[in-house]
Amino acid sequence: MEGLASFRAVPSFTSRPRSSILGTALNPRRGNSLSLPSSSSFIVRAQQMESKDDEPEPVKIELKIKEWENSMYHNEVAASQGIRIRRRPPTGPPLHYVGPFEFRLQNEGNTPRNILEEIIWHKDTQVAQLKERQPLYSLKKALDNAPPVRDFIGALRAANSRTGLPGLIAEVKKASPSRGVLRENFDPVEIAQAYEKGGAACLSVLADEKFFQGSYDNMLARRDAGVKCPLLCKEFIIEAWQIYYARSKGADAILLIAAVLPDLDIKYMTKICKMLGMATLVEVHDEREMDRVLGIEEVEFIGINNRNLETFEVDISNTKKLLEGKRGEEIRKRDIIVVGESGLFTPDDIAYVQEAGVKAVLVGESIVKQSDPEKGVAGLFGKDISLQSV
Ligand SMILES: O=C(O)c1ccccc1NCC(=O)[C@H](O)[C@H](O)COP(=O)(O)O
């Protein structure tokens, strides 16, 4: 269904030069013709190319076409792997004209279909801006001053053998799209210290500002405050540049979401992490994603999210379902560490996912909401799991 989004009068319809580009373009990667949306909407896209700089008009149009082709190509590959999350269309909603009026139509193609897609489209814009300020070559130089990498998976294994319980990745989470603000009085460093004292093996730090009220700077602040737990940068990664950025801010591990990234991206980004000494937690939500990820030999660390990031529905039996049968066997054979993520509130929940086969859990809401997060950790496990206790 189409809806009117914005509407304004333009001085003259003919004052805007129309491009002669029509409904097909060459896709250089495949050397064949790529089918485009209806020619009229494509002409309007080309018309929209308002300049940010002094590039001549044909160059700008060419660049926009390339940009458009890239996102279309990505979406085609992603869709062939069952990925529903699309990349942001580079030119936004197309313009339409009626007499002297110009208006934009919101439709399936140019409006995010769910919250995850909205986050990804926002990331796309944000990363483009950040990259302009700090291109990859200067980011790579900044890595020389980054704090040394700590062994994220090693810390989880050690905690698991010390306590006999899943190692805890405690999430420092102020707010979320599904739950709103979780904790008003939020001091990220104080919460991290409390989690560590309570026995967390690692911390998950939300970096996204717009949807989670997180920040990259929280990571460095924690390290400066002497927090020793390795840090997972909880961010929506769509480009390798973000991995270098996370490392420069002190991250020891990053998250890759299989619902967003095609297999080749996961493989490539996992290799970059390895090169940087970081761990890669690859997150899945359903059997199809699990099978894709198990098909990537570089993967050694998998998170099963019990939350559907498109609908927010949470069901902890998802962890059990994905670890049953052949998948569980393969995971054990390859000694892959599995993390049960989201919706874990009680010692029974922890016992349930442990029984299903996880060696670690990622928990946010239930512990961050406690007035004393250190005690919250003990409450979650039904016992004191701090270093002093065992
Ligand atoms: O938590 C959300 O609302 C959310 C929405 C969209 C994308 C991601 C989202 N959360 C990320 C997570 O999966 C959780 O922060 C993490 O697993 C901890 O979950 P919980 O213990 O239930 O807070």
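What you are looking at is a predicted structure, and each value in this text was computed from that prediction instead of being measured.

What counts as what
Residues numbered from 1 in each chain as written. Predicted model: local features only at pLDDT ≥ 70, side-chain atom pairs only at ≥ 80, totals over all residues. Heavy atoms only, no water. Helix = DSSP H or I, 4+ residues; strand = E, 2+ residues; numbered from the N terminus. Contact = heavy atoms within 4.5 Å. Areas by Shrake-Rupley, 256 points an atom, 1.4 Å probe, with all protein chains shown as cover. Core = buried A, V, L, I, M, F, W, Y, C linked by side-chain atoms within 4.5 Å. Buried < 20%, exposed > 50% of the residue type's maximum accessible area, 1.4 Å probe, protein only. Near = heavy atom within 4 Å. Polar contact = N/O pair within 3.5 Å; in protein donor to acceptor, adjacent residues only side chain to side chain. Nonpolar A, V, L, I, M, F, W, Y, C, P; charged D, E, K, R; others polar. Salt bridge = Lys/Arg side-chain N within 4 Å of Asp/Glu carboxyl O. Expected span 1.5 Å × (residues − 1). Phe/Tyr/Trp six-rings, centres within 6.5 Å; stacked < 30°, edge-to-face > 60°. pLDDT = per-residue confidence, 0-100.

## Overview of the overall build of the protein chain
The helix and strand tally for the protein chain stands at 15 helices and 15 strands. For the protein chain, long-range pairs separated by at least 24 residues make up 69% of all intrachain contacts whose partners lie at least 6 apart in sequence. Put simply, the protein chain shows about 18300 Å² of open surface, and 52% of that area lies on carbon and sulfur atoms.

## Describing the nonpolar core
Among the nonpolar cores identified, the biggest contains 102 residues, and L168 and Y195 are the most heavily contacted of them. Per-element tally for this core: the top contributor is helix α3 (residues 115-133), with 7 residues. With residues up to four places along the chain from it excluded, the contact list for Y195 reads A170, E171, V172, A200, L203, G364, I367, V368, P373 and V377.

## Concerning the site of the ligand
Near the ligand you find 19 residues, and of these E171, K173, S178, S342 and G364 are the closest. Within the contact set of the ligand, an oxygen atom lies 2.8 Å away from a backbone nitrogen or oxygen of G364. When the ligand sits alone it has 520 Å² of accessible area, and the protein chains cover 98% of it. When its residues are assigned to classes, the shell around the ligand shows 7 nonpolar, 6 polar and 6 charged.

## Some thoughts on the pattern of salt bridges
Going through the model one piece at a time under the given rule, you end up with 22 salt bridges. K123 is paired through a salt bridge with D208; the nearest N and O atoms lie 2.7 Å apart. With a gap of 85 residues between them, K123 in helix α3 and D208 in the loop between β9 (202-206) and α7 (217-224) connect regions that are remote in the sequence. Across this residue pair, the class does not change: K123 and D208 are buried. Here D252 makes a salt bridge to R150, at a shortest N to O gap of 3.6 Å. Linking D252 in the loop between α8 (240-248) and β11 (253-257) with R150 in the loop between α4 (136-142) and α5 (152-163), this pair joins segments that are 102 residues apart in sequence. If you follow the salt bridges from partner to partner, you end up with K123, D208 and E235 in one network.

## Side note on α3
Here α3 contains 19 residues, and its C-alpha end-to-end distance of 27 Å stays within 8% of the 27 Å for a straight helix at 1.5 Å per residue. For α3, the set of buried residues is I115, L116, E117, I119, I120, W121, K123, D124, V127 and L130. Buried-residue contacts for α3 involve α8. The backbone nitrogen of L116 lies 3.1 Å from a side-chain oxygen of the residue at the head of α3, namely N114.

## What to know about the environment of S366
Here S366 shows up in helix α14 (residues 365-368). Each C-alpha atom of the pair S366 and F101 lies 52 Å from the other, and the pair is 265 residues apart in sequence. Among all residues touching S366, those that are not within four sequence positions of it are L344, F345 and L380.

## Topic: the packing of aromatic side chains
Counted according to the given criterion, the structure contains 4 aromatic pairs. With a centroid separation of 4.7 Å and an interplanar angle of 75°, the aromatic rings of Y216 and Y245 are classed as edge-to-face. Of this pair, Y216 sits in the loop between β9 and α7 while Y245 sits in helix α8; the two residues are 29 residues apart in sequence, bridging distant segments of the chain. With respect to burial, Y216 and Y245 carry one shared label: buried. Considering the side-chain rings of W241 and Y245, the 4.9 Å spacing of their centres and the 15° angle between planes classify their relative orientation as stacked. In this pair, W241 and Y245 both sit in helix α8, 4 residues apart, roughly one turn of the helix. Take W241 and Y245: they sit in the same class, and that class is buried.

## Here's the deal with the confidence of the model for the protein chain
Looking at the protein chain as a whole, the pLDDT averages 84, with 80% of positions reaching at least 70. Taken together, the stretch residues 1-52 has pLDDT below 50 and engages in 101 contacts with residues farther than four places along the chain or on a different chain. Confidence estimates for the predicted assembly give a pTM of 0.82 and an ipTM of 0.98.

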